[in-house]
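Inside the fold
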Amino acid sequence: MFGISRVVKRIEEEKSLDQISEPVSKVVSKLTDPDAIKYLLSGSWLGHQLHPMLTDLPIGAWMMASTLDMTGGKKMQPASQRLVALGILSSIPTAMTGASDWADSYGKERRVGMAHILGNVWGTAFQTLSWVARKNDRHKLGAGLSLLGLGFTGSAAYLGGHLTLDMGVGVSHAAFEQRTKKWTDVAAEEDVQEGQLIRVTANKTPVVLTRHKGELRALSATCVHAGGPLDKGRIEGDCIVCPWHHSKFRISDGSPMRGPAAANQPSWEIRAQEGRVLVKAAN
Ligand code: FES
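In this text the structure is predicted, and so the values were computed from the model without any measurement.

As a further point, take unusual backbone geometry. The omega torsion across Gly-259 and Pro-260 is 10 degrees, close enough to zero to call that bond cis. Summarising the element assignment, Pro-260 is placed in the loop between strand 8 (256-258) and strand 9 (267-273). Positive phi, close to 50 degrees, is recorded for Asn-203, a residue that is not glycine. On the secondary structure map, Asn-203 appears in the loop between strand 2 (198-202) and strand 3 (205-212).

Shown next, in the form of structure tokens:
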């Protein structure tokens, strides 16, 4: 195992991080709990998580500032100072979206996420000091502080990549689902009652069935966010609410109406035939 993997493993097991992350995540959860805020910060309105997209802004701006510091000479100093400022400003929505996503994680994921946050806090702090130094005509000091900040930001970005690519945080749990395109008999029609959720399997894929406003409806039963069982959730208005982190999906088409889920919950075509219920993947 390479040195960096050992460090990451150590972070995953480092229980002392829980002492910081538990109270912080409680506060963040409370602040981001209202449906509208979660919907906005998770990217449910966009159908894509916001945080990974926004991270490109501060990282890109600070990378360009350091590149100009090293190659642009004196005439590029105002431009690199503006780039440092742009990175600091764009780090605010980036941090808000990331904190909202992180508040719905537990255990090892939450510890690695906490280390990712701390790295980014230090990175942004050094960029802020850099901007102050540049503002006071101490450009060389500013350039050095920016490089130091980039070191922290880069390390934090590595942990962000580890969270997604190695630990599967943020990966749609429907990504590898094998949804059959053939009409498949899954239940007796009388078993699907108004306002109730039942779990069936269509060719090994779990599907949740309900009858909503008289219409038969079906969605994949494994929540796209982190795999929660939607059949154990509840119906609220026109949505199914996941029992794990309370994402809401519109029953008619699986659209996310509250985060942390940002992707559509796969929906299924459904029909009744001779007292039986048949489903097939909608797309
Ligand atoms: S598993 Fe997190 S909202 Fe469903």
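The next point concerns the side chain of Ser-220. Considering the arrangement of structural elements, one finds Ser-220 in strand 4 (residues 215-220). Classification of Ser-220 as buried rests on a relative accessible area of 0%. Those residues in contact with Ser-220, other than ones at most four positions away along the chain, are Glu-177, Arg-179, Pro-206, Val-207, Val-208, Leu-230, Gln-265, Pro-266 and Trp-268.

Hydrogen bonds along the backbone pair up the strands of a sheet, which may run parallel or antiparallel. Ordered by their spatial adjacency, four strands build an open sheet running 5-6-7-8, and the pairing between neighbours is antiparallel. Of all strands in the sheet, those with a lone pairing partner are strand 5 (234-236) and strand 8, marking the two edges. Shown here is a sheet whose adjacent strand axes are inclined to one another by a mean of 35 degrees, direction ignored. Strand direction decides the pairing type here: strand 6 (residues 239-241) and strand 7 (residues 248-250), joined by three bridges, are antiparallel. In the sheet register, Ile-240 faces strand 7, and the bridge partner there is Phe-249. Seen against the sheet, helix 3 (residues 35-42) touches strand 7 and strand 8 and runs at an angle of roughly 130 degrees to strand 8.

Running from N to C, helix 6 (residues 77-102) and helix 7 (residues 107-135) point in directions that differ by 160 degrees, and their axes come no closer than 10 Å. In terms of axis orientation, helix 6 runs roughly antiparallel to helix 7. For helix 6 against helix 7, the interelement crossing comes out left-handed. Contacts from Ser-80, Gln-81, Val-84, Ala-85, Ile-88, Ser-91 and Trp-102 of helix 6 reach helix 7 at Arg-110, Gly-113, Met-114, Ile-117, Thr-124, Gln-127, Thr-128, Ser-130, Trp-131, Arg-134 and Lys-135. Here the residues of the contact of helix 6 with helix 7 sort into seven nonpolar, eight polar and three charged.

Inspection of every chain in the model, using the stated rule, returns three aromatic pairs. Ring centres of Phe-126 and Phe-152 lie 5.6 Å apart, and the angle between their planes is 20 degrees; this geometry places the pair in the stacked category. With Phe-126 in helix 7 and Phe-152 in helix 8 (residues 139-166), the pair connects residues that are 26 residues apart, well separated along the chain. Exposure remark for Phe-126: the relative accessible area of 15% places this residue in the buried category. For Phe-152, a relative accessible area of 32% puts it in the partly exposed group.

Another point: the pattern of salt bridges. The full count for this structure, using the stated rule, is 18 salt bridges. Residue Arg-250 is joined to Asp-253 by a salt bridge in which the shortest nitrogen-to-oxygen separation is 3.0 Å. Within this structure, Asp-33, Asp-35, Arg-234, Glu-236, Lys-248 and Arg-258 form a network of salt bridges that share partners.

Moving on, we get to the sheet that holds strand 1 (residues 184-188). Read from one edge of the open sheet, six strands run 1-10-9-4-3-2, paired in antiparallel fashion. At either end of the open sheet lies a strand with only one pairing partner, and these are strand 1 and strand 2. Each strand axis lies, on average, 35 degrees off the axis of its neighbour in the sheet, ignoring direction. Here strand 4 runs beside strand 9; their pairing, made up of two bridges, is antiparallel. Bridged to Leu-219 within strand 9 is Ser-267.

Within strand 1, four of the five residues are buried, which leaves the element mostly enclosed by the surrounding structure. As paired elements, strand 1 and strand 10 (residues 276-281) share four bridges and run antiparallel to each other. Counted as the bridge partner of Thr-184 is Val-279 from strand 10.

Turning our attention to the UniProt feature "domain: Rieske" (unreviewed entry) in the protein chain. Feature annotation in UniProt places "domain: Rieske" (unreviewed entry) on residues 184-279, given in this structure's numbering. Between the first and last C-alpha atoms of residues 184-279 the distance is 5 Å; the span itself is 0% helix and 49% strand.

The rules behind each value
- Residues numbered from 1 in each chain as written.
- Predicted model: local features only at pLDDT ≥ 70, side-chain atom pairs only at ≥ 80, totals over all residues.
- Heavy atoms only, no water.
- Helix = DSSP H or I, 4+ residues; strand = E, 2+ residues; numbered from the N terminus.
- Buried < 20%, exposed > 50% of the residue type's maximum accessible area, 1.4 Å probe, protein only.
- Contact = heavy atoms within 4.5 Å.
- Pairing = 2+ DSSP bridges.
- Axes fitted to C-alpha atoms, helices over the stretch in contact; angles between N-to-C directions.
- Parallel < 35°, antiparallel > 145°, perpendicular 65-115°, else oblique.
- Left-handed = near helix turned anticlockwise from the far one by under 90°.
- Nonpolar A, V, L, I, M, F, W, Y, C, P; charged D, E, K, R; others polar.
- Phe/Tyr/Trp six-rings, centres within 6.5 Å; stacked < 30°, edge-to-face > 60°.
- Salt bridge = Lys/Arg side-chain N within 4 Å of Asp/Glu carboxyl O.
- UniProt positions renumbered as here; feature names shortened; annotations may be inferred.

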